[in-house]
Amino acid sequence: MSPTPEPPASGAARRARITAVTSGKGGVGKTFCAANLAAALARQGERVLVLDADLGLANLDVVLNLPPRVTLHDVFTGNATLQDAIVPAPGGFSVLLAGSGMVEYSRLTPEVRQQLQRVITAIVPHYTHVLLDTGAGISDVVLYTVSLADQALVVVTPEPTSLTDAYATIKVLATVQQRRAIQIVVNQVRRVGEGRNVQHQLQQVIDRYVNPGLGEPVRLELLGEIPSDGAVRDAVLRRELLLEWQPGAPASVAVAAAATRLRGA
Amino acid sequence: MASELSQPTLPPAAALQLDTALQLLRQSGHVPPPGTPGSTDWLQGLIDALVDLSSRDPLTGLANRRAFELALAREIDRVARSGEPALLLAVDIDRFKLINDTHGHLAGDQVIKAVAVALAETVRPMDLVSRVGGEEFTIVLPNCAPAFGETVAERVRRRVEHMPVLIAPGQTITVTISVGGAFAPQWVRSTPALWHERADLQLYRAKSSGRNLVCLEPSAVSVVTAEEKGMLFAFSPSQDIE
(Lines give C-alpha, C1' and ligand atoms only; values in the text may rest on other atoms or scores of the structure.)
Protein backbone atom coordinates (compact mmCIF):
# COMPACT_ATOMS: atom_id res chain seq x y z
CA MET A 1 0.00 0.00 0.00
CA SER A 2 1.49 3.33 -0.96
CA PRO A 3 1.58 6.05 1.70
CA THR A 4 -0.92 8.90 1.50
CA PRO A 5 0.77 11.68 -0.46
CA GLU A 6 1.59 14.79 1.53
CA PRO A 7 -0.17 18.00 0.60
CA PRO A 8 1.93 20.71 -1.06
CA ALA A 9 4.01 22.87 1.35
CA SER A 10 1.65 25.32 3.03
CA GLY A 11 1.84 28.91 1.88
CA ALA A 12 3.53 28.00 -1.40
CA ALA A 13 0.83 28.36 -4.06
CA ARG A 14 2.76 25.95 -6.18
CA ARG A 15 1.20 25.16 -9.49
CA ALA A 16 1.79 21.65 -10.85
CA ARG A 17 4.63 21.02 -13.28
CA ILE A 18 3.11 19.60 -16.42
CA THR A 19 5.08 16.93 -18.26
CA ALA A 20 3.87 15.48 -21.56
CA VAL A 21 4.88 11.85 -21.95
CA THR A 22 5.06 11.10 -25.64
CA SER A 23 6.85 8.84 -28.09
CA GLY A 24 7.34 8.77 -31.82
CA LYS A 25 6.33 5.18 -32.20
CA GLY A 26 3.54 3.32 -30.48
CA GLY A 27 4.23 0.28 -28.37
CA VAL A 28 7.44 1.50 -26.71
CA GLY A 29 6.00 1.58 -23.21
CA LYS A 30 4.84 5.17 -23.02
CA THR A 31 1.74 4.40 -20.92
CA PHE A 32 3.77 2.02 -18.74
CA CYS A 33 6.26 4.82 -18.11
CA ALA A 34 3.61 7.44 -17.43
CA ALA A 35 1.68 5.26 -14.99
CA ASN A 36 4.70 3.97 -13.08
CA LEU A 37 6.41 7.36 -13.03
CA ALA A 38 3.21 8.72 -11.48
CA ALA A 39 3.27 5.98 -8.85
CA ALA A 40 6.95 6.61 -8.11
CA LEU A 41 6.36 10.36 -7.82
CA ALA A 42 3.45 9.69 -5.45
CA ARG A 43 5.67 7.47 -3.28
CA GLN A 44 8.18 10.29 -3.15
CA GLY A 45 5.54 12.61 -1.71
CA GLU A 46 4.18 14.32 -4.78
CA ARG A 47 0.51 14.87 -5.59
CA VAL A 48 0.13 13.56 -9.11
CA LEU A 49 -2.55 13.54 -11.80
CA VAL A 50 -2.23 11.58 -15.01
CA LEU A 51 -4.35 12.87 -17.89
CA ASP A 52 -4.74 10.10 -20.40
CA ALA A 53 -5.01 11.60 -23.87
CA ASP A 54 -3.73 8.42 -25.50
CA LEU A 55 -6.06 6.93 -28.06
CA GLY A 56 -4.00 3.78 -28.52
CA LEU A 57 -5.20 0.29 -27.95
CA ALA A 58 -3.72 -0.13 -24.45
CA ASN A 59 -5.26 2.72 -22.53
CA LEU A 60 -4.44 3.80 -19.02
CA ASP A 61 -7.73 2.49 -17.70
CA VAL A 62 -6.96 -0.95 -19.13
CA VAL A 63 -3.38 -0.89 -17.78
CA LEU A 64 -4.63 0.08 -14.33
CA ASN A 65 -7.66 -2.20 -14.45
CA LEU A 66 -10.04 0.68 -13.82
CA PRO A 67 -13.71 0.09 -14.56
CA PRO A 68 -15.32 2.19 -17.33
CA ARG A 69 -15.85 5.69 -16.06
CA VAL A 70 -16.62 9.31 -16.72
CA THR A 71 -14.21 10.93 -19.16
CA LEU A 72 -13.25 14.41 -20.32
CA HIS A 73 -15.49 13.83 -23.29
CA ASP A 74 -18.45 13.61 -20.87
CA VAL A 75 -17.27 16.80 -19.20
CA PHE A 76 -17.00 18.65 -22.53
CA THR A 77 -20.42 17.52 -23.64
CA GLY A 78 -21.89 18.73 -20.36
CA ASN A 79 -22.82 15.32 -19.02
CA ALA A 80 -20.48 15.37 -16.02
CA THR A 81 -18.39 17.69 -13.91
CA LEU A 82 -14.60 17.68 -13.85
CA GLN A 83 -14.75 16.32 -10.30
CA ASP A 84 -16.73 13.32 -11.52
CA ALA A 85 -14.01 12.53 -14.05
CA ILE A 86 -11.01 12.59 -11.68
CA VAL A 87 -10.59 9.25 -9.95
CA PRO A 88 -7.97 7.68 -7.70
CA ALA A 89 -5.72 5.01 -9.19
CA PRO A 90 -4.13 2.13 -7.24
CA GLY A 91 -0.71 3.82 -7.27
CA GLY A 92 -1.61 6.78 -5.05
CA PHE A 93 -2.19 9.22 -7.90
CA SER A 94 -5.30 10.51 -9.69
CA VAL A 95 -6.39 9.74 -13.21
CA LEU A 96 -8.37 11.76 -15.73
CA LEU A 97 -9.34 9.93 -18.89
CA ALA A 98 -9.87 11.89 -22.10
CA GLY A 99 -12.13 9.21 -23.53
CA SER A 100 -12.53 7.90 -27.05
CA GLY A 101 -14.33 11.12 -27.94
CA MET A 102 -10.86 12.61 -28.05
CA VAL A 103 -10.62 11.35 -31.63
CA GLU A 104 -13.23 13.94 -32.56
CA TYR A 105 -10.98 16.61 -31.11
CA SER A 106 -8.47 16.04 -33.85
CA ARG A 107 -10.30 18.94 -35.43
CA LEU A 108 -8.98 21.06 -32.57
CA THR A 109 -11.36 23.93 -32.97
CA PRO A 110 -10.66 27.03 -30.87
CA GLU A 111 -13.57 25.93 -28.69
CA VAL A 112 -11.93 22.59 -27.93
CA ARG A 113 -8.60 24.23 -27.25
CA GLN A 114 -10.32 26.59 -24.82
CA GLN A 115 -12.04 23.72 -23.04
CA LEU A 116 -8.77 21.84 -22.62
CA GLN A 117 -7.01 24.97 -21.39
CA ARG A 118 -9.76 25.46 -18.83
CA VAL A 119 -9.36 21.91 -17.59
CA ILE A 120 -5.61 22.31 -17.22
CA THR A 121 -6.05 25.64 -15.39
CA ALA A 122 -8.58 24.03 -13.05
CA ILE A 123 -6.39 21.09 -12.10
CA VAL A 124 -2.88 22.55 -11.76
CA PRO A 125 -3.42 24.24 -8.37
CA HIS A 126 -4.32 20.89 -6.78
CA TYR A 127 -1.30 18.84 -7.78
CA THR A 128 2.46 19.14 -7.82
CA HIS A 129 2.87 17.10 -10.99
CA VAL A 130 0.55 16.53 -13.94
CA LEU A 131 1.56 13.93 -16.51
CA LEU A 132 -0.09 14.08 -19.92
CA ASP A 133 -0.06 10.64 -21.51
CA THR A 134 -0.31 11.67 -25.16
CA GLY A 135 -0.82 9.48 -28.18
CA ALA A 136 2.09 8.30 -30.27
CA GLY A 137 3.22 10.06 -33.43
CA ILE A 138 3.17 13.68 -34.47
CA SER A 139 -0.46 14.23 -35.41
CA ASP A 140 -2.06 17.60 -34.70
CA VAL A 141 -3.84 16.35 -31.60
CA VAL A 142 -0.66 14.82 -30.12
CA LEU A 143 1.35 17.95 -30.81
CA TYR A 144 -1.38 20.08 -29.32
CA THR A 145 -1.48 17.97 -26.16
CA VAL A 146 2.29 18.29 -25.81
CA SER A 147 2.00 22.06 -26.31
CA LEU A 148 -0.01 22.25 -23.06
CA ALA A 149 2.99 20.98 -21.07
CA ASP A 150 5.95 22.72 -19.47
CA GLN A 151 8.18 19.83 -20.30
CA ALA A 152 8.23 17.17 -23.01
CA LEU A 153 9.40 13.66 -22.19
CA VAL A 154 9.98 11.30 -25.11
CA VAL A 155 9.97 7.56 -24.47
CA VAL A 156 12.24 5.68 -26.87
CA THR A 157 13.60 2.14 -27.21
CA PRO A 158 17.01 1.28 -28.71
CA GLU A 159 15.51 -0.02 -31.95
CA PRO A 160 15.65 1.62 -35.40
CA THR A 161 11.97 2.47 -35.96
CA SER A 162 11.59 3.82 -32.44
CA LEU A 163 14.76 5.89 -32.84
CA THR A 164 13.62 7.35 -36.15
CA ASP A 165 10.18 8.22 -34.86
CA ALA A 166 11.56 9.67 -31.62
CA TYR A 167 14.01 11.77 -33.62
CA ALA A 168 11.16 13.03 -35.80
CA THR A 169 9.14 13.93 -32.71
CA ILE A 170 12.07 15.77 -31.15
CA LYS A 171 12.73 17.60 -34.40
CA VAL A 172 9.12 18.74 -34.70
CA LEU A 173 8.93 19.78 -31.02
CA ALA A 174 12.12 21.79 -31.41
CA THR A 175 11.09 23.56 -34.59
CA VAL A 176 7.32 23.92 -34.25
CA GLN A 177 7.11 24.36 -30.45
CA GLN A 178 10.54 25.92 -29.93
CA ARG A 179 11.37 23.44 -27.18
CA ARG A 180 15.04 23.38 -26.23
CA ALA A 181 15.35 21.04 -23.25
CA ILE A 182 13.68 17.73 -24.08
CA GLN A 183 13.80 14.80 -21.68
CA ILE A 184 14.06 11.20 -22.81
CA VAL A 185 13.53 7.87 -21.12
CA VAL A 186 15.07 4.87 -22.85
CA ASN A 187 12.94 1.81 -22.27
CA GLN A 188 13.75 -1.86 -22.78
CA VAL A 189 17.52 -1.46 -22.66
CA ARG A 190 19.52 -4.66 -22.81
CA ARG A 191 22.70 -3.51 -21.10
CA VAL A 192 23.65 -0.87 -18.59
CA GLY A 193 24.64 2.31 -20.37
CA GLU A 194 22.61 1.68 -23.48
CA GLY A 195 20.36 4.59 -22.53
CA ARG A 196 23.34 6.94 -22.55
CA ASN A 197 24.34 5.61 -26.00
CA VAL A 198 20.87 6.30 -27.35
CA GLN A 199 20.95 9.79 -25.92
CA HIS A 200 24.33 10.47 -27.57
CA GLN A 201 23.14 9.00 -30.84
CA LEU A 202 20.09 11.25 -30.96
CA GLN A 203 22.01 14.29 -29.73
CA GLN A 204 24.65 13.88 -32.44
CA VAL A 205 22.09 13.88 -35.23
CA ILE A 206 20.30 16.83 -33.63
CA ASP A 207 23.59 18.73 -33.37
CA ARG A 208 24.31 18.09 -37.00
CA TYR A 209 20.91 18.63 -38.62
CA VAL A 210 18.63 20.52 -36.26
CA ASN A 211 20.67 22.82 -34.03
CA PRO A 212 22.48 24.75 -36.78
CA GLY A 213 19.13 26.24 -37.82
CA LEU A 214 18.16 27.29 -34.31
CA GLY A 215 19.29 30.27 -32.24
CA GLU A 216 19.56 28.19 -29.09
CA PRO A 217 20.50 24.49 -29.33
CA VAL A 218 18.26 21.58 -28.34
CA ARG A 219 19.72 19.56 -25.48
CA LEU A 220 18.42 16.12 -24.62
CA GLU A 221 18.33 15.15 -20.97
CA LEU A 222 18.37 11.46 -20.13
CA LEU A 223 15.86 11.03 -17.34
CA GLY A 224 16.64 7.34 -17.06
CA GLU A 225 17.02 3.99 -18.72
CA ILE A 226 14.65 1.16 -17.93
CA PRO A 227 15.98 -2.36 -18.35
CA SER A 228 14.20 -4.99 -20.34
CA ASP A 229 12.46 -6.84 -17.52
CA GLY A 230 10.10 -9.81 -17.66
CA ALA A 231 8.27 -8.44 -14.65
CA VAL A 232 6.97 -5.58 -16.81
CA ARG A 233 5.03 -7.93 -19.02
CA ASP A 234 3.79 -9.91 -16.05
CA ALA A 235 2.48 -6.74 -14.42
CA VAL A 236 0.72 -5.76 -17.64
CA LEU A 237 -0.91 -9.17 -17.84
CA ARG A 238 -2.01 -8.89 -14.23
CA ARG A 239 -3.24 -5.34 -14.93
CA GLU A 240 -1.23 -4.11 -11.98
CA LEU A 241 1.26 -1.31 -11.62
CA LEU A 242 4.73 -2.81 -11.58
CA LEU A 243 5.84 -0.28 -9.00
CA GLU A 244 3.09 -1.40 -6.61
CA TRP A 245 3.33 -5.11 -7.31
CA GLN A 246 7.13 -5.47 -7.40
CA PRO A 247 8.81 -2.30 -6.19
CA GLY A 248 12.14 -4.12 -6.12
CA ALA A 249 12.07 -5.25 -9.75
CA PRO A 250 14.90 -3.75 -11.86
CA ALA A 251 12.42 -1.81 -14.00
CA SER A 252 10.69 -0.42 -10.89
CA VAL A 253 13.97 0.73 -9.40
CA ALA A 254 14.84 2.42 -12.70
CA VAL A 255 11.48 4.19 -12.87
CA ALA A 256 11.88 5.41 -9.27
CA ALA A 257 15.30 6.85 -10.16
CA ALA A 258 13.79 8.57 -13.20
CA ALA A 259 11.07 10.04 -10.99
CA THR A 260 13.69 11.44 -8.65
CA ARG A 261 15.38 13.12 -11.59
CA LEU A 262 12.04 14.41 -12.84
CA ARG A 263 11.37 16.04 -9.47
CA GLY A 264 14.80 17.56 -9.30
CA ALA A 265 14.90 18.92 -12.83
CA MET B 1 -27.37 -13.75 -40.89
CA ALA B 2 -26.72 -16.48 -43.40
CA SER B 3 -29.84 -18.25 -42.18
CA GLU B 4 -32.02 -15.46 -43.59
CA LEU B 5 -30.73 -16.26 -47.02
CA SER B 6 -30.52 -20.04 -46.80
CA GLN B 7 -31.45 -21.75 -50.03
CA PRO B 8 -34.67 -23.51 -49.10
CA THR B 9 -36.48 -20.20 -48.45
CA LEU B 10 -35.39 -18.54 -51.73
CA PRO B 11 -38.44 -17.95 -53.90
CA PRO B 12 -38.42 -19.52 -57.37
CA ALA B 13 -37.01 -17.08 -59.93
CA ALA B 14 -40.37 -16.98 -61.69
CA ALA B 15 -41.83 -15.18 -58.64
CA LEU B 16 -39.23 -12.37 -58.76
CA GLN B 17 -39.58 -9.13 -60.72
CA LEU B 18 -36.29 -9.05 -62.64
CA ASP B 19 -37.13 -7.02 -65.75
CA THR B 20 -35.84 -3.68 -64.49
CA ALA B 21 -32.67 -5.23 -63.12
CA LEU B 22 -31.97 -6.96 -66.42
CA GLN B 23 -32.67 -3.81 -68.42
CA LEU B 24 -30.30 -1.76 -66.28
CA LEU B 25 -27.56 -4.32 -66.70
CA ARG B 26 -28.07 -4.55 -70.43
CA GLN B 27 -27.93 -0.78 -70.75
CA SER B 28 -24.73 -0.55 -68.77
CA GLY B 29 -23.08 -3.12 -70.96
CA HIS B 30 -22.99 -6.03 -68.54
CA VAL B 31 -23.14 -9.46 -70.16
CA PRO B 32 -26.09 -11.63 -69.13
CA PRO B 33 -25.35 -13.83 -66.12
CA PRO B 34 -24.10 -17.33 -66.99
CA GLY B 35 -26.16 -20.42 -66.42
CA THR B 36 -29.79 -21.31 -66.90
CA PRO B 37 -32.03 -18.29 -66.24
CA GLY B 38 -33.65 -18.81 -62.85
CA SER B 39 -30.95 -21.10 -61.48
CA THR B 40 -29.07 -20.24 -58.30
CA ASP B 41 -25.87 -19.58 -60.25
CA TRP B 42 -27.71 -17.29 -62.60
CA LEU B 43 -29.30 -15.36 -59.71
CA GLN B 44 -25.90 -15.06 -57.99
CA GLY B 45 -24.42 -13.72 -61.22
CA LEU B 46 -27.27 -11.25 -61.45
CA ILE B 47 -26.71 -10.06 -57.89
CA ASP B 48 -22.96 -9.74 -58.46
CA ALA B 49 -23.59 -7.67 -61.58
CA LEU B 50 -26.01 -5.41 -59.70
CA VAL B 51 -23.43 -4.93 -56.92
CA ASP B 52 -20.88 -3.99 -59.54
CA LEU B 53 -23.32 -1.56 -61.15
CA SER B 54 -24.15 0.16 -57.86
CA SER B 55 -20.47 0.43 -56.95
CA ARG B 56 -19.32 2.15 -60.11
CA ASP B 57 -19.42 5.67 -61.43
CA PRO B 58 -21.13 5.39 -64.84
CA LEU B 59 -19.09 8.10 -66.60
CA THR B 60 -15.60 6.91 -65.69
CA GLY B 61 -16.06 3.27 -64.64
CA LEU B 62 -14.22 4.09 -61.40
CA ALA B 63 -15.54 3.11 -58.00
CA ASN B 64 -18.21 5.50 -56.76
CA ARG B 65 -18.56 7.18 -53.36
CA ARG B 66 -20.43 4.23 -51.88
CA ALA B 67 -17.70 1.76 -52.77
CA PHE B 68 -15.05 4.23 -51.65
CA GLU B 69 -16.54 4.61 -48.18
CA LEU B 70 -16.69 0.86 -47.78
CA ALA B 71 -13.04 0.54 -48.81
CA LEU B 72 -12.02 3.33 -46.46
CA ALA B 73 -13.64 1.66 -43.46
CA ARG B 74 -11.97 -1.65 -44.34
CA GLU B 75 -8.62 0.07 -44.64
CA ILE B 76 -8.90 1.80 -41.27
CA ASP B 77 -9.57 -1.56 -39.70
CA ARG B 78 -6.58 -3.10 -41.43
CA VAL B 79 -4.25 -0.29 -40.37
CA ALA B 80 -5.41 -0.51 -36.77
CA ARG B 81 -4.75 -4.26 -36.73
CA SER B 82 -1.57 -4.48 -38.77
CA GLY B 83 0.05 -1.08 -38.14
CA GLU B 84 0.97 -0.82 -41.83
CA PRO B 85 0.65 2.75 -43.09
CA ALA B 86 -2.09 3.57 -45.59
CA LEU B 87 -2.47 6.78 -47.57
CA LEU B 88 -5.63 8.59 -48.68
CA LEU B 89 -5.29 11.10 -51.50
CA ALA B 90 -8.05 13.64 -52.17
CA VAL B 91 -7.83 14.87 -55.76
CA ASP B 92 -9.72 17.78 -57.28
CA ILE B 93 -9.59 19.11 -60.84
CA ASP B 94 -8.47 22.74 -60.78
CA ARG B 95 -10.94 25.40 -61.98
CA PHE B 96 -13.33 22.76 -63.26
CA LYS B 97 -16.30 25.11 -63.18
CA LEU B 98 -14.41 27.43 -65.52
CA ILE B 99 -13.76 24.57 -67.93
CA ASN B 100 -17.46 23.68 -67.96
CA ASP B 101 -18.53 27.28 -68.42
CA THR B 102 -15.98 27.97 -71.16
CA HIS B 103 -16.11 24.75 -73.16
CA GLY B 104 -19.41 23.18 -72.20
CA HIS B 105 -20.41 20.15 -70.18
CA LEU B 106 -19.48 17.59 -72.81
CA ALA B 107 -15.96 18.94 -72.72
CA GLY B 108 -16.12 18.79 -68.95
CA ASP B 109 -17.03 15.11 -69.17
CA GLN B 110 -14.05 14.46 -71.44
CA VAL B 111 -11.79 16.10 -68.88
CA ILE B 112 -13.23 13.99 -66.07
CA LYS B 113 -12.74 10.80 -68.09
CA ALA B 114 -9.19 11.74 -69.04
CA VAL B 115 -8.23 12.51 -65.45
CA ALA B 116 -9.83 9.26 -64.31
CA VAL B 117 -7.72 7.28 -66.77
CA ALA B 118 -4.58 9.16 -65.75
CA LEU B 119 -5.14 8.38 -62.09
CA ALA B 120 -6.01 4.74 -62.65
CA GLU B 121 -2.96 4.17 -64.82
CA THR B 122 -0.50 5.81 -62.42
CA VAL B 123 -1.27 3.83 -59.29
CA ARG B 124 -0.70 0.19 -58.33
CA PRO B 125 -3.34 -2.48 -59.01
CA MET B 126 -4.07 -2.70 -55.26
CA ASP B 127 -4.85 1.02 -54.99
CA LEU B 128 -8.47 2.11 -55.28
CA VAL B 129 -9.33 5.13 -57.42
CA SER B 130 -12.85 6.51 -56.93
CA ARG B 131 -14.90 9.36 -58.29
CA VAL B 132 -16.66 10.79 -55.26
CA GLY B 133 -18.01 14.07 -56.62
CA GLY B 134 -18.38 16.08 -59.80
CA GLU B 135 -14.69 16.78 -60.18
CA GLU B 136 -13.44 15.07 -57.03
CA PHE B 137 -11.56 11.81 -56.85
CA THR B 138 -9.94 9.83 -54.10
CA ILE B 139 -7.19 7.26 -54.10
CA VAL B 140 -6.77 4.76 -51.26
CA LEU B 141 -3.26 3.29 -51.13
CA PRO B 142 -2.99 0.36 -48.73
CA ASN B 143 0.37 -0.58 -47.30
CA CYS B 144 1.93 2.62 -48.53
CA ALA B 145 5.16 3.89 -46.99
CA PRO B 146 5.25 7.69 -46.58
CA ALA B 147 8.14 8.17 -49.00
CA PHE B 148 6.37 6.10 -51.62
CA GLY B 149 3.15 8.03 -51.07
CA GLU B 150 4.87 11.34 -51.76
CA THR B 151 6.33 9.94 -54.96
CA VAL B 152 3.01 8.60 -56.21
CA ALA B 153 1.11 11.78 -55.42
CA GLU B 154 3.64 13.89 -57.27
CA ARG B 155 3.67 11.45 -60.19
CA VAL B 156 -0.12 11.68 -60.45
CA ARG B 157 -0.06 15.46 -60.38
CA ARG B 158 2.64 15.65 -63.04
CA ARG B 159 0.91 13.12 -65.29
CA VAL B 160 -2.27 15.18 -65.42
CA GLU B 161 -0.33 18.41 -65.92
CA HIS B 162 1.39 17.02 -69.01
CA MET B 163 -1.67 15.34 -70.47
CA PRO B 164 -3.50 17.22 -73.24
CA VAL B 165 -7.26 16.47 -73.15
CA LEU B 166 -9.13 16.20 -76.43
CA ILE B 167 -12.41 18.03 -75.86
CA ALA B 168 -13.49 18.41 -79.49
CA PRO B 169 -12.07 17.32 -82.86
CA GLY B 170 -8.73 19.09 -83.16
CA GLN B 171 -9.11 20.91 -79.85
CA THR B 172 -7.10 20.03 -76.76
CA ILE B 173 -6.81 21.79 -73.44
CA THR B 174 -4.50 21.20 -70.47
CA VAL B 175 -5.80 20.71 -66.99
CA THR B 176 -4.22 20.45 -63.57
CA ILE B 177 -5.20 18.85 -60.28
CA SER B 178 -4.65 19.69 -56.65
CA VAL B 179 -3.87 16.79 -54.34
CA GLY B 180 -4.22 16.51 -50.57
CA GLY B 181 -3.01 13.46 -48.65
CA ALA B 182 -3.20 12.04 -45.14
CA PHE B 183 -2.01 8.76 -43.70
CA ALA B 184 -4.37 6.70 -41.57
CA PRO B 185 -3.37 7.27 -37.96
CA GLN B 186 -1.43 4.15 -37.14
CA TRP B 187 -1.89 3.54 -33.46
CA VAL B 188 -5.39 4.87 -33.22
CA ARG B 189 -8.67 3.48 -34.44
CA SER B 190 -9.92 6.65 -36.11
CA THR B 191 -12.99 7.00 -38.33
CA PRO B 192 -13.31 7.15 -42.14
CA ALA B 193 -14.90 10.59 -41.85
CA LEU B 194 -11.96 12.01 -39.88
CA TRP B 195 -9.41 10.46 -42.20
CA HIS B 196 -11.17 11.93 -45.23
CA GLU B 197 -11.42 15.28 -43.48
CA ARG B 198 -7.67 15.35 -42.85
CA ALA B 199 -6.97 14.57 -46.49
CA ASP B 200 -9.46 17.28 -47.53
CA LEU B 201 -7.69 19.76 -45.27
CA GLN B 202 -4.45 19.11 -47.16
CA LEU B 203 -6.35 19.48 -50.47
CA TYR B 204 -7.59 22.85 -49.25
CA ARG B 205 -4.00 23.81 -48.45
CA ALA B 206 -2.96 22.81 -51.97
CA LYS B 207 -5.73 24.91 -53.50
CA SER B 208 -4.92 27.89 -51.30
CA SER B 209 -1.25 27.66 -52.19
CA GLY B 210 -1.81 28.10 -55.90
CA ARG B 211 -3.25 24.81 -57.17
CA ASN B 212 -1.47 22.18 -59.28
CA LEU B 213 0.18 21.12 -56.02
CA VAL B 214 0.53 18.17 -53.71
CA CYS B 215 0.16 18.72 -49.95
CA LEU B 216 0.63 15.75 -47.63
CA GLU B 217 0.17 15.78 -43.89
CA PRO B 218 3.62 15.48 -42.33
CA SER B 219 4.53 12.07 -40.95
CA ALA B 220 7.62 10.93 -39.08
CA VAL B 221 9.29 9.58 -42.22
CA SER B 222 8.55 12.72 -44.22
CA VAL B 223 10.17 14.72 -41.42
CA VAL B 224 13.38 12.65 -41.30
CA THR B 225 15.71 12.77 -44.32
CA ALA B 226 17.78 9.87 -45.61
CA GLU B 227 20.96 11.60 -44.39
CA GLU B 228 19.59 11.95 -40.88
CA LYS B 229 18.53 8.34 -40.85
CA GLY B 230 21.93 7.28 -42.09
CA MET B 231 23.60 9.08 -39.23
CA LEU B 232 21.12 7.73 -36.69
CA PHE B 233 22.05 4.21 -37.66
CA ALA B 234 25.76 4.77 -38.22
CA PHE B 235 26.23 3.46 -34.70
CA SER B 236 24.41 0.38 -33.64
CA PRO B 237 23.00 0.97 -30.15
CA SER B 238 24.80 -2.11 -28.87
CA GLN B 239 28.22 -0.64 -29.65
CA ASP B 240 29.98 1.73 -27.29
CA ILE B 241 30.36 5.30 -28.49
CA GLU B 242 33.68 6.37 -27.09
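Look a little higher up for the structure.
Residues numbered from 1 in each chain as written. Chains lettered and ligands numbered in written order. Predicted model: local features only at pLDDT ≥ 70, side-chain atom pairs only at ≥ 80, totals over all residues.

Participant: Account for the environment of Ala168(B), with residues named and values stated.
Facilitator: As for its position among the elements, Ala168(B) is in strand β4 (residues 164-168). Judged by the 12 C-beta atoms lying within 10 Å of it, Ala168(B) falls in the exposed class. (Helix = DSSP H or I, 4+ residues; strand = E, 2+ residues; numbered from the N terminus. Buried ≥ 20, exposed ≤ 12 C-beta atoms within 10 Å, placed from the backbone.)

Participant: An account of the sheet that holds strand β3 (residues 86-88) of chain A is requested, with residue identities and associated values reported.
Facilitator: All names here are of chain A. Read from one edge of the open sheet, 8 strands run β3-β4-β2-β5-β1-β6-β7-β8, paired in mixed fashion. This sheet does not close on itself; its edge strands, each paired only once, are β3 and β8 (219-227). Each strand of the sheet is rotated relative to its neighbour by a mean of 25 degrees, with strand direction disregarded. Here 4 bridges tie strand β6 (residues 151-156) to strand β7 (residues 181-189), and the two strands are oriented parallel to one another. Across the sheet, valine 156 pairs through a bridge with valine 186, a residue of β7. Taken strand by strand, helix α6 (residues 140-147) contacts β1 (17-23), β5 (129-136) and β6, and its axis lies near 165 degrees from that of β5. The strands touched by helix α11 (residues 250-264) are β1, β7 and β8; relative to β8, the strand with the most contacts, the crossing angle is about 155 degrees. (Pairing = 2+ DSSP bridges. Axes fitted to C-alpha atoms, helices over the stretch in contact; angles between N-to-C directions. Contact = placed C-beta atoms within 7 Å.)

Participant: Please set out the sheet that holds strand β3 (residues 136-141) of chain B residue by residue, giving values where relevant.
Facilitator: All names here are of chain B. The 5 strands lie next to each other as β2-β3-β1-β6-β7, forming an open sheet whose pairing is mixed. Every interior strand has two partners, whereas the edge strands, β2 (128-131) and β7 (214-216), have only one. Neighbour-to-neighbour, the strand axes of this sheet turn through a mean angle of 15 degrees, independent of strand direction. Bridging between strand β1 (residues 87-93) and β3 involves 6 bridges; their strand directions are antiparallel. By the bridge assignment for β3, leucine 89 is matched with isoleucine 139. Here helix α7 (residues 192-208) sits on the sheet and contacts β1, β6 (177-183) and β7; the angle it forms with β6, its principal contact strand, is near 140 degrees.

Participant: Please provide a residue-by-residue account of the nonpolar core, values included.
Facilitator: Formed by 81 residues in total, the largest nonpolar core has its most connected members in Ala35(A), Leu37(A), Ala38(A), Val50(A) and Ile170(A). Considering each element in turn, this core owes the most residues, 10 residues, to helix α1 (residues 30-43) of chain A. Setting aside residues no more than four positions away along its own chain, Leu37(A) makes contact with Leu131(A), Val255(A), Ala258(A), Ala259(A) and Leu262(A). Counting residues in hydrophobic clusters, the runner-up holds 47 residues, among them Ala63(B), Val165(B), Ile177(B) and Cys215(B). (Core = buried A, V, L, I, M, F, W, Y, C linked by C-beta atoms within 7 Å.)

Participant: Kindly report on the pairing of strand β2 (residues 48-52) of chain A, identifying the contributing residues and their values.
Facilitator: Most of β2(A) sits inside the fold, with 5 of its 5 residues counted as buried. Burial along β2(A) is two-sided: the face carrying Val48(A), Val50(A) and Asp52(A) and the face carrying Leu49(A) and Leu51(A) are both buried.

Participant: I'd like to hear about the environment of Gly133(B), residue by residue, with values.
Facilitator: Residue placement: Gly133(B) occurs in the loop between β2 and β3. Sequence separation of Gly133(B) and Asn64(B) is 69 residues, and the distance between their C-alpha atoms is 8.6 Å.

Participant: Before we move on, could you go through the pairing of strand β4 (residues 94-97) of chain A and cite the residues and values that matter?
Facilitator: Residue and element names in this part refer to chain A. Burial along β4 is two-sided: the face carrying Ser94 and Leu96 and the face carrying Val95 and Leu97 are both buried. As paired elements, β2 and β4 share 4 bridges and run parallel to each other. Note that in β4 the partner of aspartate 52 across the bridge is leucine 97. The pairing of β3 with β4 spans 3 bridges and is antiparallel. In the strand pairing of β4, isoleucine 86 is matched with leucine 96. Adjacent in sequence and paired antiparallel, β3 and β4 are bridged by 5 residues, among which glycine 92 carries a positive phi angle near 90 degrees.

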